[in-house]
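# Commentary on secondary and tertiary structure
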Amino acid sequence: MDFSEVFKLSSQLGRFSPDGKYLASCVQYRLVIRDVKTLQILQLYTCLDQIQYLEWSADSMFILCAMYKRGIVQVWSLEQPDWHCKIDEGSAGLVSSCWSPDGRHILNTSEFHLRITLWSLSAKSVSYIKYPKSCQQGITFTNDGRHMALAERRDCKDYISIFVCNDWRLLRHFETDTQDLDGIAWAPNGCVLAVWESCLEYKMLLYSLDGRLLSTYCAYEWSLGIKSVTWSPSSQFLAIGSFDEKVRILNHVTWKPIHELVHSATITDAKAVVYKEVERCPGIATDELTFPLPKGKPNSLFSIRSKYEIVNVPVTLRGVKPDSDRANPELGIGILAFSHDNRYMASKNDNMPYSVWIWNIQKMRLFSVVEHSSAVKSFVWHPIHPRLAICTGNTRVYLWSPTGSVSVQVPVEGMFNVLSMSWHPMGEDTLLLMSKENLCLCYLESEDNEN
């Protein structure tokens, strides 16, 4: 495993282009475009203010930089470096910005979600969509880029509008059976739209492309409900993470649950492999020291080494006691993600923040649990292989695969606390690591016989 040199970064704004050829990174108000293979700077753009959001167009030809404080979006072209575009929302303000799937339209949401402004780069035209709802996930596009679903709020009621993306005509507009819609998500095949209620009520609704209600699902009542939702890549399963520390898997035929995945504090399944991170200082018994360990460089005398050990079941996982008096308590399934081959699913139970649970979806059982010394920040699946990268906000990156797990120290000068990651989109074994002020690339040795 090799690592690149370290480059400056602001606000963890580092992105691979969708075609995998370029790496964009932001340093304050500067946008740096590098060649992924050589890491040489290809373009250097200067924006009008500090960049707060960065997004590539789907064809990797354009990149937008949003400056929400000033209500401005600037667009840069990779093919024509001299061409640029500035969109100023003026007094309407700006709270979010994104590309349409064709990479030639930009959707800007104004302050207080009064409207969405649709800017066309090709036609140089502008149009408006009224009443977008302020919610967790209010805009979703189908994977083929043909349709967009938008959550709306009119007259104290929730609605869904479905648009055809090539000409932006309204295909369907219908009211949803929700009190306070919290999110929407298309199935990967674009045939079914999942709509879920806020956490105050457990309700999942499934709609067809023409607006017909296919099914309604409610697991329980009078308690906090849905916390996370994700589709499987095959569109066969819809995974719903709840505040009751369970994941319910709905099937695509009857839209009824086929299994409940329980996240209990004590692991008793003898078939599950439990990895536990063990930290130690080489050559020194840390429990005999009468002074705290200094925060030295990774190669210093007191550097803390880490490795995984397999522990025998039953084993009790570390947890935290959630504060039930506060909003959004640290309780329940906060993160869900399917592997791209549809064989595994990873989950995180927020009141056991040190552990990542990996489930075998083919057999609907627990496959592995990986427990860490620090709370897990994020995890991401490789786009081809069943390989999971995990970070916990320290100087290490963790990799899990069906054959084993490994903890790797990021060998750079000073402290490089990994806060977020992303894999190379074309399946190359390259991992982008981002800390608060820096980024670097991690290159894995290819495994020809990966299971």
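Throughout what follows, the structure given in this document is the object of discussion. These figures come from a predicted structure and were not determined experimentally.

Turning our eyes to something else, we now look at the nonpolar core. Formed by 21 residues in total, the largest nonpolar core has its most connected members in Val247, Ile249, Ile267, Met345 and Trp357. At the level of elements, β24 (237-242), β25 (246-251), β31 (333-338), β33 (355-360) and β34 (365-371) are the ones that each hand at least two residues to this core. At three residues, the largest contribution of residues to this core is made by β31.

Turning to the layout of surface pockets, a few remarks are in order. In this structure, the largest pocket occupies an estimated 890 Å³ of space. Around the largest pocket, the lining comprises 23 residues; the ones closest to its centre are Gln137, Asn143, Thr230, His340 and Val380. Every element with two or more residues in the lining of the largest pocket is listed here: β15 (139-141), β19 (181-186), β23 (226-231), β31, β35 (378-381) and β39 (420-423). Looking at the lining of the largest pocket element by element, the count peaks at four residues for β35. The residue makeup of the lining of the largest pocket, split by class, is 15 nonpolar, eight polar and no charged.

This next bit is on the pattern of salt bridges. Within this structure, the stated rule accounts for 19 salt bridges. The residue Glu277 makes a salt bridge to Arg396 at a minimum N-O spacing of 3.3 Å. Residue Glu277 is found in strand β28 (residues 273-280), and its partner Arg396 is found in strand β37 (residues 396-401); the two are separated by 119 residues along the sequence. An identical accessibility class is assigned to Glu277 and Arg396; each is buried. Close ionic contact of Asp429 with Arg387 constitutes a salt bridge, the shortest N to O distance being 3.0 Å. Of the two residues, Asp429 is situated in the loop between β39 and β40 (430-434) and Arg387 in the loop between β35 and β36 (388-391); the sequence distance between them amounts to 42 residues. Among the residues examined, Asp429 registers a relative accessible area of 12% and is labelled buried. A residue is classified by how much of its surface remains accessible, and Arg387, at 3% relative accessible area, is buried.

With that settled, the discussion passes to the packing of aromatic side chains. Under the counting rule described, the total for this entry stands at 15 aromatic pairs. The interplanar angle of 90 degrees and the centroid separation of 5.8 Å between the aromatic rings of Trp231 and Trp255 together place this pair among those described as edge-to-face. Here Trp255 lies in the loop between β25 and β26 (257-262) and Trp231 lies in strand β23, a separation of 24 residues in the sequence. Trp255 matches Trp231 in its accessibility class, with the two residues each being buried. Between Tyr308 and Tyr398, the aromatic rings sit 5.9 Å apart at their centres with planes inclined by 55 degrees, giving tilted as the arrangement. With Tyr308 in strand β29 (residues 305-311) and Tyr398 in strand β37, the pair connects residues that are 90 residues apart, well separated along the chain. Grouping residues by exposure puts Tyr308 and Tyr398 together as buried. Put simply, the rings of Tyr344, Phe367, Trp381 and Trp400 touch in pairs and so form one group of aromatic residues. Its end group placed over the ring of Phe7, Arg34 keeps NZ or CZ at 3.8 Å from the ring centre. Looking at Arg318, its charged tip hangs above the ring of Tyr354, at a distance of 3.7 Å from the centre.

How each quantity is defined
- Residues numbered from 1 in each chain as written.
- Predicted model: local features only at pLDDT ≥ 70, side-chain atom pairs only at ≥ 80, totals over all residues.
- Heavy atoms only, no water.
- Core = buried A, V, L, I, M, F, W, Y, C linked by side-chain atoms within 4.5 Å.
- Buried < 20%, exposed > 50% of the residue type's maximum accessible area, 1.4 Å probe, protein only.
- Helix = DSSP H or I, 4+ residues; strand = E, 2+ residues; numbered from the N terminus.
- 1 Å grid on protein atoms, 1.4 Å probe; cavity = no way out; pocket = protein on both sides within 12 Å on 5 of 7 lines; lining within 4 Å.
- Points joined across faces, edges and corners; volume = space filled by probe spheres on them.
- Nonpolar A, V, L, I, M, F, W, Y, C, P; charged D, E, K, R; others polar.
- Salt bridge = Lys/Arg side-chain N within 4 Å of Asp/Glu carboxyl O.
- Phe/Tyr/Trp six-rings, centres within 6.5 Å; stacked < 30°, edge-to-face > 60°.
- Lys NZ or Arg CZ within 6 Å of the ring centre and 35° of its normal.

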